[in-house]
Structures are given as structure tokens and as C-alpha cells.
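For reference, the chains in residue letters:
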Amino acid sequence: MTIQEFYERIGGDYNDAINRFRKDTLIQRFVQMFTKDPNFAELTEALKNDDVSTAFRNAHTLKGVAANLSFAKLQSSASEMTEYLRAKQLEDAKAYYPALEADYNLVVNALTEFQNAQ
Amino acid sequence: MYKTNDGKDRTVLVIEDDEINREILDAILSPYYTVLQAENGKAGLDILESRGKKISLILLDIQMPVMNGFEFLEAVSSRPSLLSIPIIVTTSSASATDEIKCLENGATDFVAKPYNPDIVLRRVGSMIRLSEASSIIEQVEYDDLTGFYNRDFFFANVDKMLEENPDTDYDIACCKLMSLKMIEARYGTDEGSKLVSFVAGSIKGHTPKGAICGRLNNEDLVVFSVHNQKEYYEKHAERIRDLIKSTPVPDASLHIGLYSSVGHNSSASSLCDNVLAVIEDVRYQYGKQIAEFNEQQKARRLRQQAILGFMENALKENQFDVYYQPKHRLDGDRIGGAEALVRWTHPTLGFISPGEFIPLFEASGFITELSFYVAERVCRDIRSWLDAGFPKIPVSWNLSRLDFEYQGLAEEINRIVNKYLIPHELIHLEVTESAYAEAAGAFMDNIGKLRDMGFTIELDDFGSGYSSFNALSDLNIDVLKLDMCFARNLDSEKQQLILEHIFSIANNLGMSVVAEGVETDSQVETYRQMGCTYIQGYYYSKPLPKDQFEKYLIK
């Protein structure tokens, strides 16, 4: 799997990434850090605890990270989650959570495959 | 092309909770800058406090745990040494309100996520260039003429010394060149400069190692040094006075204020305020050129600051009360008027004497608000007495000399009196000669207007200071109030002679006279024989609160 294929799999925008980072190696370096990014796990935990402000912060940060990595699909679902939480609509956020989780897992699974292929 | 790097290595601080975002910025910036990373505002602040000015720019995320971006901006805004560092906020929110809030709180610019390296580098580069260009002006640390620190840098260095050495005792000495303005006016600024650099030179020659010298204002040179024996300062002062005698400029005069073992809890600027204040205290004392700030003065100043801090609230919370002291009419042996006097009882400081707070209110300009407050209270009380059918008597209150600086003083008094529909003949206003001495034009103008409006003007404290008989004819006064100092020495023949003349002049000018401070039978008798109309003093009554005064009024 190439990095380009990885981006296709996850609904990402490879062109945006390469335009900004210029080099595949640089993109790969950042992309591989994503498996360790704690924001999604923390968001999950915060939603479980009905902790809206922490959940908002994590969703917001996740959105920023996804944007920086040109993970377009994840960015858009993280963005939607952020807006529910900004408005303190906890129930809506929880209802939306599975969609975000699906996008997140898509990225993480593809990333594992990509790393194994290297 | 992004390089602002002209040999110097610049450092950028990235404050962002997410590691990936930090690493991306690091990857973008590190070819051109040294990059420091902090995972939240608190960690960023810690780095800033240890590195301070060596950081050229901050990239700041807003949503972070522990200390978020807004809290960080607020913390920076209270630290003057950090204010000059440009801050670029990194944002992924489309929320314009957040961005405006950041700008209001001191952010310089934004970059949006996802980061575009070109944009980030251009923006960082131009921000650093801009701030470095503007700080060239700030970097002037020294006063050209003396080589001493300028005001801001003196304060900054002293504050730093105090903070870093909490166990060291320090002294401050300030030399004020009293006559500098006059010398500049008379002989030109070059001569003034010559004097300043001469004195600065002699100070420099005698200051101990490690001392910090500053030029606070044009005429104030100040030395901050490790605490030494008092003798040292006296010798030092003596030396400078000797030097003054040999100055190249005529008419030089110098005062010295000392503050030894300064506290570590005060800022350099408030320490210097204290020293300058003691110099002011001796300014007009002939031959006294050295003044020391001591514990007693410190306590006094603290109390003064407390009073000034409390005054506005005191007015809002109606802590000021108005008392009335009867003026007794000798010809009818009955009450002929009253003077309204302000009293202040503060919830924690207790009773504060007008002798203490009025000069402070005058110095701060607050006095006029109090004057209008008293006017309002007095008029309201008179209204209630008129409504209750009590005997109609004129009531006076005091106008401060500072009130005459208020534009439209007479009109405002007229407005208040009319608001309560009080006949103008019932209102007397007490003024002092000092008001005339300080602002003759405004004083005469307002007095004229007030009299035309039908109010009566009383000249208060006559005979207490430098009263002049000319003033009596110039001032258009209706009533003369003799200061209580006359009552005290009423037995002296000379005094009686003077008083007889005053009464005769007052009589000829058509003024009635109120004698103040009268406490005994014989004083009443003496004044009666002189033809005095009114007596005010403890002999008849002390100042009374409203309810007691009402009883006195209908007695």
C-alpha cells in the first residue's frame, strides 16, 4: 500500500497533504504518529462521563489534527462532533458518536495495514 | 527567503496540547528557528519565565487542558516583560468570536489549521521582523545625558533585584534637583543639562558597587543599593551638598529623600513614590534638604491610600453623614442659622476626621463630588424642615477651593437647590480666601453668579492664614466668619483692638460677622460688646446629627 492509496482508503485528501508537506516521507512521519494520538480515546471516555467540556476540547483537537493530516472524512465528522459539543448538546453528540468512531477506525485500520506493508 | 536569521538565532515557542500538531509546526519551523514545545499554557508560561525575552514569537493553540489559550493570554497580559513577544494563535475553528476574543486579549495574528508551511513561515517571519523593528525604540535603556537607567528600565531592574534577593536589605536614595525648571527657564536647557550631568557624575563617583542608578524624571536621580549604615547616606548627602556649591550652574538646589531597608513587597515605582513624597514634605522647609521615609510615614501613607481607595464606595454607600452646627443670633437670642459639616464613619477605619480626608480628597479631585453630595443632602434636609413647618433658618455648607475649578459650579448648585424648591435666601455658601488666591478669575466669576442667583456668601476662616483686608473689599462677601483663633486669645488687648477694627470694617462694608470657636460666657460677652451678630461654637452647641438638630431647631 502506498501513502496515496492509504489516503484514498480513508477518504483523505492526499493532494492537499503533498501540497503542504512537499515530501511523502514527511507526510508518513506525521501520519504514523496518529496511532498514538490520545484525543479519540479521551473523547470516548469524556462522553461516557458526560464531561462535555473535556469532550469538546478533545473533539476540537482531533478536528485540528485531522485537518493537519488532510484526513478529510475524519476532519468533517470530528468537526460535526465539535459543534454538537460546543453547543453542549450531549445527547446529539452521543448519537453522532458511532459515525465518528467508524471514520476513526477506518483511519486506524488502514494505518495499521499501511505500516505492516512497509 | 523565510530566513529572518541574520546571524542571531531566534526561538519560537509552540504551545499546543496535541503532539502531532506540535511536531508538524516543529517540522515546518525548525529549519529556520530554534523551536521549543509546551503542551499547555502553564508549561508555556514556565518556559517564558525562565527564558523571558529570548523568545521571539509564540504560536498558541486555544483549546488545551490545564491552562487554555485565553488563560495564557490573560497571564501574559499581566506580565509587562512578556508583552512585547508577538503571539500567533493557531486555530481550526471557524468561530470568528473566538478569534476576536483572542485579538482583544493580546494575540497578534492567526494561522489556520491545516498548517500550510508557506503561510506559517511567512507569518512567523514577518511578525518577528515587525516586533524587532518596533522594539528598537524600547531597547533604549539608558538616559543619554546621565548614562543612568531610564525610568522603565530602572523600575524593571529594581523589581528584579527585589524579587531575586528576598533576603537582602536595600536602600533607595533620591536626589531631586528642585531648581532645574527654573534654571532651564532662566539660563536655558543647556545649563540645566550641565547641572544634571554634573550631579549624576558625582553620584556615580560615590555609589557602592552593584548599585542601580536611574533618572526617573527630568529632575529626579535615584540610587538603589544594598542597605548600608545611615551614616553612609548622611556623608553621601553632605558630599553632594558640597558639590552643589561648586556646580558650574548658579542657583542650583538639591533635596535628598532616603528610604532605608525598603520592603520587598512593594514595587520599585511605589517605593520611589514614597521617597518623592517625603521630599515634597520638606520642599518648603528652609534649610531642610534631607528627608527620610520612616515607618511612621509609611503607616500614614498606607492609611492615606486606604482612605483614597475607600472614598468612592463610601459615597455610594452613604457613609458620609451631614451634621449641623447652630449659629446663634445674639440680638434675638435664638438660632439664626447653621453650618452643615460632613462626617465620615467608615465600617473598618471608624471615624475619620475631615481634617484628614478633606486634604486628600482635594489632592485627588474627589472633593467636588463630595461637595455636591453634601449640597444634595442639605437641600433635602431643608426641604423636609420646610415641609414640617420648622423655623426657617439659612444653612451653609463649605465649598472647597478646588470646587472653583469645576466648570459650571454656580449652575450646578443652583440646579440642586431648585430641585428641592428651596428659597435661595436660605442657602449660604462658605468659601475661603485660598480659593481666591489660587484661581481668582474662576472664583470671582462664580461668586458673582452665585450672588446674582440670590445666594449668600460667607468668608470662612478669616484671620487664620494670611488674611488681607483688601480681600474684604474685593471679594463681594456678605458674611465674615472669624476664625476660632480669635476666640482663643480674646483676652489680649492687642487682639481686641484688631477685632474692633475688623468689626468696624465689616460694619462699614455691610457684612455681618459670625464668631467661631466660642466656648465660654466671657467670650460671648466680649463678642457681644463688639457688636458681633452671630456666635458659632460649643458654647451653644456642637455639630449635631440631623435628628438632634431638629430637636434643637424647635426648642
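As the structure is a computational prediction, the values presented were derived from the model and not from experiment.

Trainee: I'm lost on the overall build of chain B in this one. Help?
Mentor: Across its full length, chain B holds 21 helices and 21 strands. Across the 555 residues that make up chain B, the buried fraction comes to 49%. Long-range contacts, defined as pairs at least 24 residues apart, comprise 67% of the intrachain contacts of chain B with a sequence gap of at least 6. Entry remark: accessible area of chain B is about 26500 Å², with carbon and sulfur atoms responsible for 49%.

Trainee: Would you explain the pairing of strand S17 (residues 456-462) of chain B in this entry?
Mentor: All names here are of chain B. Of all seven residues in S17, six are buried; the element is thus mostly enclosed. Both strand S16 (residues 427-431) and S17 contribute to a ladder of four bridges, which runs parallel. Across the sheet, Leu-429 pairs through a bridge with Ile-457, a residue of S17. In terms of strand pairing, S17 meets strand S18 (residues 479-482) through three bridges, oriented parallel. Counted as the bridge partner of Phe-462 is Leu-482 from S18.

Trainee: Looking at this model, I keep getting lost on empty space enclosed by the protein. Mind explaining?
Mentor: Over the atoms rolls a probe the size of a water molecule, and its path tells where empty space is left. Residues and elements named next belong to chain B. A full pass over the atoms with the stated rule returns two cavities of 30 Å³ or more. Of the pockets and cavities examined, the second largest cavity occupies roughly 50 Å³. Contributing to the lining of the second largest cavity are Ile-382, Trp-385, Leu-386, Phe-390, Pro-391, Lys-392, Ile-393 and Val-395. Take the lining of the second largest cavity: its biggest share by element is three residues, from helix H13 (residues 367-388). In terms of residue class, the lining of the second largest cavity is built from seven nonpolar, no polar and one charged.

Trainee: When you look at the packing of aromatic side chains in this model, what are you seeing that I'm missing?
Mentor: Note on aromatic pairs: each is described by the distance of the centres and the angle between the planes. Applying the stated criterion to the full structure yields 29 aromatic pairs over all chains. Aromatic side chains Phe-40 of chain A and Tyr-97 of chain A sit 5.8 Å apart centroid to centroid with 15° between the ring planes, which places their arrangement in the stacked category. Here Phe-40 of chain A, found in helix H4 (residues 39-48), pairs with Tyr-97 of chain A, found in helix H7 (residues 90-117); they are 57 residues apart in sequence, far enough to count as distant. For the pair Phe-40 of chain A and Tyr-97 of chain A, one class covers both residues: buried. Look at Phe-320 of chain B and Phe-361 of chain B: their rings are 6.0 Å apart centre to centre, the planes differ by 80°, and that puts the pair in the edge-to-face class. Note that Phe-320 of chain B is positioned in strand S12 (residues 320-329) and Phe-361 of chain B in helix H12 (residues 354-364), a separation of 41 residues in sequence. This pair shows no difference in class: Phe-320 of chain B is buried, exactly as Phe-361 of chain B is.

Trainee: For this particular structure, what's the right way to read the interface of chain B and chain A?
Mentor: The parts lose accessible area when they come together, and the size of an interface is often stated as this lost area. Counting residues at the interface gives 21 residues for chain B, matched by 22 residues for chain A. When the two sides are added together, the surface that chain B and chain A hide from each other amounts to roughly 1900 Å², 59% of it contributed by carbon and sulfur. Of all residues in chain B, the largest losses of buried area upon contact with chain A belong to Ile-20, Gln-63 and Pro-114 of chain B, amounting jointly to 31% of the total for that side. On the surface where chain B and chain A come into contact, there are two salt bridges. For Arg-29 of chain A, the salt bridge identified is with Glu-23 of chain B, shortest N-O distance 3.4 Å. Taken together, the connections running from chain B to chain A amount to seven residue pairs in polar contact (both at pLDDT 80 or more). Within the residue set of the side of chain B that touches chain A, elements represented by two or more residues are helix H1 (19-29) and helix H5 (117-138) of chain B. Tallying contributions element by element places H1 of chain B first for the side of chain B that touches chain A, with six residues. In the side of chain B that touches chain A, the residues fall into eight nonpolar, six polar and seven charged.

Trainee: It is not clear to me how the pattern of salt bridges should be interpreted in this structure. Could you clarify?
Mentor: Pairing between side chains becomes possible if they bear opposite charge and their charged atoms approach one another. In this structure the tally under the stated criterion is 34 salt bridges over all chains. As a salt-bridge pair, Asp-118 of chain B and Arg-22 of chain A come within 3.0 Å of each other at their nearest N and O atoms. Of this pair, Asp-118 of chain B sits in helix H5 while Arg-22 of chain A sits in the loop between helix H2 (14-21) and helix H3 (24-33), each in a different chain. On the basis of relative accessibility, which here comes to 55%, the residue Arg-22 of chain A falls in the exposed class. Put simply, Lys-481 of chain B and Glu-516 of chain B hold a salt bridge, and the shortest N to O gap is 3.6 Å. Placement of Lys-481 of chain B in strand S18 and of Glu-516 of chain B in strand S19 (residues 512-516) is noted, with a sequence separation of 35 residues between them. Given the relative accessible area of 0%, Lys-481 of chain B is considered buried. The exposure class assigned to Glu-516 of chain B is buried, which follows from its relative accessible area of 10%. Shared partners join several salt bridges into a network, and the residues in it are Lys-327, Glu-339, Glu-430, Glu-458, Lys-481 and Glu-516 of chain B.

Trainee: Would you mind showing me how to read the sheet that holds strand S3 (residues 55-61) of chain B here?
Mentor: Whether parallel or antiparallel, the strands of a sheet pair through hydrogen bonds between backbone atoms. Residues and elements named next belong to chain B. Pairing in this open sheet of five strands is parallel, and the strands run S2-S1-S3-S4-S5 from one edge to the other. Since the sheet does not close on itself, it has two edges, and those belong to strand S2 (34-38) and strand S5 (109-112), each with one partner. For this sheet, the mean angle separating the axes of adjacent strands, direction not counted, is 25°. For strand S1 (residues 11-15) and S2, the ladder comprises five bridges, and the chain directions are parallel. Counterpart to Val-12 in the pairing with S2 is Val-35. Sitting on the sheet, helix H3 (residues 69-77) touches S1, S3 and strand S4 (87-91), and the angle it makes with S3 is about 150°.

Trainee: What is the right way to look at the packing of helix H19 (residues 493-508) of chain B against helix H20 (residues 521-530) of chain B in this model?
Mentor: For any two helices packed against each other, the geometry is given by the interaxial angle and the distance between the axes. All names here are of chain B. The contact between H19 and H20 brings their axes to 10 Å, and the two run at 45°. One way to sum up the angle between H19 and H20 is to call them oblique. Considering the relative orientation of H19 and H20, their crossing is right-handed. Contact with H19, carried on its side by Gln-496, Leu-499, Glu-500 and Phe-503, involves Thr-526, Tyr-527 and Met-530 of H20 and no other residues of that element. Looking at side-chain class alone, the contact of H19 with H20 contains four nonpolar, two polar and one charged residues.

Basis of the calculations
Residues numbered from 1 in each chain as written. Chains lettered and ligands numbered in written order. Predicted model: local features only at pLDDT ≥ 70, side-chain atom pairs only at ≥ 80, totals over all residues. Heavy atoms only, no water. Helix = DSSP H or I, 4+ residues; strand = E, 2+ residues; numbered from the N terminus. Buried < 20%, exposed > 50% of the residue type's maximum accessible area, 1.4 Å probe, protein only. Contact = heavy atoms within 4.5 Å. Areas by Shrake-Rupley, 256 points an atom, 1.4 Å probe, with all protein chains shown as cover. Pairing = 2+ DSSP bridges. 1 Å grid on protein atoms, 1.4 Å probe; cavity = no way out; pocket = protein on both sides within 12 Å on 5 of 7 lines; lining within 4 Å. Points joined across faces, edges and corners; volume = space filled by probe spheres on them. Nonpolar A, V, L, I, M, F, W, Y, C, P; charged D, E, K, R; others polar. Phe/Tyr/Trp six-rings, centres within 6.5 Å; stacked < 30°, edge-to-face > 60°. Buried area = accessible area lost by both parts, 1.4 Å probe. Salt bridge = Lys/Arg side-chain N within 4 Å of Asp/Glu carboxyl O. Polar contact = N/O pair within 3.5 Å; in protein donor to acceptor, adjacent residues only side chain to side chain. Axes fitted to C-alpha atoms, helices over the stretch in contact; angles between N-to-C directions. Parallel < 35°, antiparallel > 145°, perpendicular 65-115°, else oblique. Left-handed = near helix turned anticlockwise from the far one by under 90°.

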